[in-house]
Amino acid sequence: MAGMADLKDRLRGDLTTAIKARDELRSATLRMALTAVTTEEVAGKEQRELSDEEVVAVLGREAKKRREAATAYDDAGRAELAARERDELGVLEAYLPAQLSDEELRDLVAAAVAQTGASGPRGLGQVMKVVQPQVAGRAEGGRVAAEVRRQLAG
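Owing to the predicted nature of the structure, the values given are computational and were not obtained by experimental measurement.

Cut-off values and rules
- Residues numbered from 1 in each chain as written.
- Predicted model: local features only at pLDDT ≥ 70, side-chain atom pairs only at ≥ 80, totals over all residues.
- Heavy atoms only, no water.
- 1 Å grid on protein atoms, 1.4 Å probe; cavity = no way out; pocket = protein on both sides within 12 Å on 5 of 7 lines; lining within 4 Å.
- Points joined across faces, edges and corners; volume = space filled by probe spheres on them.
- Helix = DSSP H or I, 4+ residues; strand = E, 2+ residues; numbered from the N terminus.
- Domains from an automatic or database assignment.
- Core = buried A, V, L, I, M, F, W, Y, C linked by side-chain atoms within 4.5 Å.
- Buried < 20%, exposed > 50% of the residue type's maximum accessible area, 1.4 Å probe, protein only.
- Contact = heavy atoms within 4.5 Å.

Novice: Even after reading the chapter, I still don't get the layout of surface pockets, so can you show me in this structure?
Specialist: Any empty space left between the atoms is revealed when a probe the size of a water molecule rolls over them. Taken as a whole, the largest pocket holds about 250 Å³ of empty space. Along the wall of the largest pocket there are 16 residues; nearest its centre are Gly 60, Arg 61, Gly 137, Ala 139 and Glu 140. At the level of secondary structure, the elements contributing two or more residues to the lining of the largest pocket comprise α3 (52-75) and α7 (141-153). By residue number, the principal contributor to the lining of the largest pocket is α3, which donates seven residues. The residue makeup of the lining of the largest pocket includes at least three contributed by each of domain 1 (6-94) and domain 2 (102-153).

Novice: How do you make sense of the nonpolar core when you look at a structure like this?
Specialist: Ranked by internal contacts, the top residues of the largest apolar core, which has 19 residues, are Leu 7, Leu 11, Leu 30, Val 55, Leu 59 and Tyr 95. Going through the elements one at a time, α1 (6-20), α2 (24-42), α3 and α4 (79-93) are the ones with two or more residues in this core. Setting aside anything within four residues of it in sequence, one finds Leu 11 in contact with Leu 30, Leu 34, Val 55, Leu 59 and Tyr 95.

Novice: Which parts of the structure should I look at to understand the domain arrangement of the chain?
Specialist: Accessible area lost on assembly of the parts is the figure often given for the size of an interface. When cut into domains, the chain gives domain 1 (6-94) and domain 2 (102-153). Measuring from the centre of the C-alpha atoms in domain 1 to the corresponding centre in domain 2 gives 28 Å.

Spelled out as structure tokens, the structure:
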């Protein structure tokens, strides 16, 4: 099990550092992230230790929640709450793999379309099946699907 949850250990260590530094934002965000990881570990029939990839997936979901909440707060005219969500997002993004640029995503999708020979809207599933493992954690599913649709339509 050595090296199984290096990322989780890093989160715990950084939480301790943040608490000692009295960094309220960082400690609150890391506490929330570790709670989400623990919840995921005890979900299902048996408790288990998450791998780093699974921890990244949990952090990705948490980051997506922050992005959506910030947008919702902006739409509601609650700038201070939107700013807080973006600050939390910034903390989480430090633990996630770098996001793919639009060009990198376009190239990956184009390669997958060529590989599957898919065309038209019906090929969406085929292409997504090939692209998803390549972009895991580096691009949101909605963004990937939009690019696949764009390329299949064009």
